[in-house]
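Here is what each chain is made of, one letter per residue.
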Amino acid sequence: MKSILNILSSRVLASLRKIGAEGDPLVRQSADEKFGDYQSNCAMGLAKKLGQNPRDLAATIVEHLEVDDICDKVDIAGPGFLNFHLKPQFFAQGLQEIPSLPQDATIDRLGLSPASPSETVVVDMSSPNLAKEMHVGHLRSTVIGDAVARVLEFAGHNVIRENHVGDWGTQFGMLVAYLRREKPAVADDPESLEISDLEAFYVAAKKLFDSDEDFKTESRETVVALQQGDAATRLIWQAFCHESLRHCHAIYDRLDVKLIDRGESFYTEKMESAVATLDAMKEKDPQGFVRDSDGALCIFMDGFTTRDAEPLPLIVRKKDGGFNYATSDLATILHRLESLKATRVIYVVGIPQKQHFAMVFAAVRALGWAGEDISLEHLGFGSMLNKTGQPFKTREGGTVKLKSLLDEAVARARSVLTKSGAEDQPQNRDTMTSDQADAIAETVGLAAVKYFDLSHALSSDYKFDLDMMVSMEGNTAPYMLYAYARIRSIGRKAEIDWSLLSTDAPLVLEHPTEIALAKKVLQFAEVYDLLMRDLRLNVLTDYLYELSKTFSRFYDKKQGVRIIDASPDSVRISRLRLCDVTARTLKLGLQLLGIETVEKM
Ligand code: ARG
């Protein structure tokens, strides 16, 4: 299905071609209805280029424009803006073209085609360090990564979601040593390992590490044993990672996030071979861009310097012979490109790692490991701050566990949902049992957390404000879910089976609120195009908010129209169809964000 924007753009382009003034049609949605539904300011730029008067050029463009089938009129405003006023009938036709949902469909495509060609995309997401419990800092990567993956899957790509967990490194020596000391029986039987509070375990081990020299030495020896493949040490380490991942997956399941665990340890041998390749390059050309510096093996790339304007290398083997984070990311990229055959890799990791990824990507390019056909992207995001704008504590004692945060959101949603009669509460609530309310609160609470996160521009920090995110008013998940549930309740009251709703009956669009709603629904296609372009998820949340508001006006007793008891029957059916396609759009939009809808609220 082509979007309204696409259709209009190609009409304007055709007119431009006819008058020999080819250029970008510059069509966009009008911010104000006064200026029509869509507008274009292409005449201004083109007139300048052609040395013409912009208003005259605008008039010529309109003269050659073939839009009688879609526009009521095209105005020329100000210095030469084109304002397009679209025909309600054109919207009706657009809606008519949306196919009904096939019985066996796993997702409602609403007539939107997959992208071609389809690519293999790796989304590197979540990726906590397994030494500790997942904390609030891991929420963003998990939620954003999941939404990005869903959007790309919807577009028809083969998406591989990788949980690049930190499961290798010195902390694990410490943890294994600590387990041997504190729970020798478990250390002898690693399969019996069960740690209910990973965070407390880590904190205790770290405390001992910092205060006890003997333990420090033990920990170091354990790291060496682990790296040299000592079987007993490895078994304990494995059990520890397994236990830690079990904690993570409890959260992933709850958030309905699917992931493949492939942590840093998976790449230990691949690191050896990647570094061997680099060593060989260095041997061949000791003065090349891969060379030793201060005893470390380094890659020097153009464009990276220290504050003192000295070249800043990417270190791939430390002076002591050990590998680091960069080494592991180089090996990881090789695996993704060579074994997984990915042509696009997206790293959903916080902005503080911007420089790391910029350097790794530059190195991979300089080495010729990834050509122009490969896209490497760091989707960096801002921090989540607490309500007062301070960073959530991540180290020492004060860590906020992700699980507690989710529990709190659900509890808060539960109280908002059951608060009745309060003035700020919508009037049309469904009745439900306490069990139903519990289940709905779980969905709504998690939705609130996800939605709030995704509704902020990726790169900005945001304050985690539970009151705001569970509010039934504003750009929040509860508001969206409520709009959806209203439509479902209309269906229950009208006693209709949505799937049997005739799609042949004509759509009658007369009332301003129904015309506005039809237009909004159709504009989803534009949001989809935008998402494909730059994965800005808040474009989708903004749209869903607009759609819900437009629906609320249509449904409003005073401003809107009658639906269930509208007459004649053709109008009633038409409005019910409009409700249905609105609900389908809301549902799809939320699904792409990883948010489940509820039938009652
Ligand atoms: N484990 C890392 C951290 O917690 C994030 C890993 C991101 N992915 C990557 N390929 N480097 O900071």
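In case you missed it, the structure is sitting above this.
The rules we used
The written sequence of each chain sets the order in which its residues are numbered from 1. With the structure being a predicted model, the display of local features is reserved for residues of pLDDT at least 70 and the display and counting of side-chain atom pairs for 80 or more, all residues being used for whole-chain, interface and lining totals. Heavy atoms throughout the structure, all of them, feed into the side-chain values; hydrogens and water do not. Only runs of H or I of at least four residues qualify as helices and only runs of E of at least two qualify as strands under DSSP, and these elements are numbered from the N terminus. Only protein chains enter the accessibility calculation, which uses a 1.4 Å probe; a residue is then buried when its area is under 20% of its type maximum, exposed when over 50%, and partly exposed in between. For accessible areas, the Shrake-Rupley method is used with a probe of radius 1.4 Å. Any residue's cover is judged against the shown protein chains and nothing else. Residues counted as positive are Lys and Arg, residues counted as negative are Asp and Glu, and His and the chain ends are not counted. For charged residues, the charge sits on one atom: NZ in Lys, CZ in Arg, CG in Asp, CD in Glu. The criterion for a residue being near a molecule or strand is simple. One of its heavy atoms has to lie within 4 Å of it. Any N or O atom pair separated by 3.5 Å or less is treated as a polar contact, with the protein-specific requirement of one donor-capable and one acceptor-capable atom, and with residues adjacent in sequence counted only for side-chain atom pairs. In this count, Pro and Cys sit with the nonpolar residues alongside Ala, Val, Leu, Ile, Met, Phe, Trp and Tyr, while Asp, Glu, Lys and Arg are called charged and the others, Gly among them, polar. Here a cavity is any set of points on a 1 Å grid over the protein atoms alone where a 1.4 Å probe fits but cannot get out, and a pocket is any open set with protein on both sides within 12 Å along at least 5 of 7 lines; a residue lines the site when it has an atom within 4 Å of a point. Grid points are joined across faces, edges and corners, and a volume is the space filled by probe spheres set on the points. The angle between two axes is taken between their N-to-C directions and runs from 0 to 180 degrees, where each axis is a line fitted to C-alpha atoms and a helix contributes only its stretch in contact. Angle categories: roughly parallel below 35 degrees, roughly antiparallel above 145, roughly perpendicular from 65 to 115, and oblique for all the rest. Less than a right angle of anticlockwise turn of the near helix away from the far helix marks a crossing as left-handed, whereas a clockwise turn marks it as right-handed. Pairs of residues are marked as contacts when any of their non-hydrogen atoms sit within 4.5 Å. Salt bridges, as used here, are contacts in which a Lys or Arg side-chain nitrogen is within 4 Å of a carboxyl oxygen on Asp or Glu. We treat two strands as partners when DSSP finds at least two bridges between them. Multiplying one less than the number of residues by 1.5 Å gives the expected span of a helix.

Turning our attention to the overall build of the protein chain. A tally of regular secondary structure across the protein chain gives 21 helices and 14 strands. Along the first, second and third principal axes, the C-alpha atoms of the protein chain reach 85 × 70 × 45 Å. For the protein chain, buried positions account for 52% of its 601 residues. Total accessible area computed for the protein chain in this model is approximately 27800 Å², and 50% of it derives from carbon and sulfur atoms. Charge separation in the protein chain, taken as the distance between the mean sites of 71 positive and 87 negative side-chain charges, equals 4 Å.

The local shell around the ligand consists of D124, S127, N129, H164, Y325, D329, Y347, V349, Q353 and F357. Note that a nitrogen atom of the ligand is positioned 2.9 Å from one of the backbone N or O atoms of S127. Within the side chain of Y325, one N or O atom sits 2.7 Å away from a nitrogen atom of the ligand. Bound to the protein, the ligand loses 87% of the 350 Å² it would expose on its own. Residue classes in the shell around the ligand are distributed as four nonpolar, four polar and two charged.

Moving on, we get to empty space enclosed by the protein. In this structure the tally under the stated criterion is three cavities of 30 Å³ or more. The calculated volume of the largest cavity comes to roughly 50 Å³. Where the lining of the largest cavity is concerned, the elements lending two or more residues are α18 (512–522) and α19 (524–534). The class makeup of the residues in the lining of the largest cavity is eight nonpolar, one polar and no charged.

This part takes up the packing of helix α12 (residues 325–339) against helix α13 (residues 354–366). Two elements in contact, α12 and α13, have axes separated by 10 Å at closest approach and are oriented at 50 degrees. Compared by their axis directions, α12 and α13 come out oblique. Pair α12 / α13 crosses with right-handed handedness. Every residue of α13 that contacts α12 at Y325, A326, D329, L330 and I333 is listed here: H356, F357, V360, F361, A363 and V364. Taken together, the residues of the contact of α12 with α13 break down into nine nonpolar, one polar and one charged.

Tallied over the full model, the rule gives 42 salt bridges. Where D32 meets K34, a salt bridge forms, and the shortest distance between an N and an O atom there is 3.5 Å. Residue K34 is classed as exposed on the basis of its relative accessible area of 60%. Sharing partners across several salt bridges, the network here consists of D146, R150, E153, R161, D256 and K258.

Given 3.6 residues to a turn, an α-helix orients residues that are three or four positions apart in the same direction. Burial analysis of α18 places nine of its 11 residues in the buried class, which makes it a mostly covered element. Residues of α18 that are buried include every one of T513, E514, I515, L517, A518, K519, K520, V521 and L522, and no others.

All right, on to the environment of Y484 then. Secondary-structure assignment places Y484 in helix α17 (residues 477–494). Taking the C-alpha atoms as reference points, Y484 and T582, 98 residues apart in sequence, are found 8.3 Å from one another. Contacts of Y484, omitting those with residues within four sequence positions, involve A583, L586, K587, T597, V598 and E599. Engagement of the side chain of Y484 in a polar contact is seen with the side chain of E599, the distance being 3.4 Å.

With that settled, consider the sheet that holds strand β1 (residues 27–29). Pairing is antiparallel in the open sheet, where four strands are placed in the order β1-β2-β4-β3. Looking at strand neighbours, the two that pair on one side only are β1 and β3 (71–77), the edges of this open sheet. Direction aside, the axes of adjacent strands within the sheet are offset by 25 degrees on average. Note: β3 against strand β4 (residues 81–86), six bridges, orientation antiparallel. Bridge pairing in β4 places C71 opposite L86.

Let us look at α17. If you check α17, its first and last C-alpha atoms are 26 Å apart, about what 18 residues at 1.5 Å a residue would give, namely 26 Å. The element α17 is extensively covered by neighbouring structure, given that 16 of its 18 residues are classed as buried. E495 occupies a position one or two residues after α17 and carries a positive phi of about 50 degrees.

If you want to describe how two helices pack, look at the angle between their axes and the distance between the axes. Running from N to C, α18 and helix α21 (residues 569–592) point in directions that differ by 35 degrees, and their axes come no closer than 10 Å. In the packing of α18 onto α21, the handedness of the crossing is left-handed. Between α18 and α21, the contacting residues are E514, L517, A518 and V521 on the first element and R575, L578, V581, T582 and T585 on the second. Class assignment of the residues belonging to the contact of α18 with α21 gives a composition of five nonpolar, two polar and two charged.

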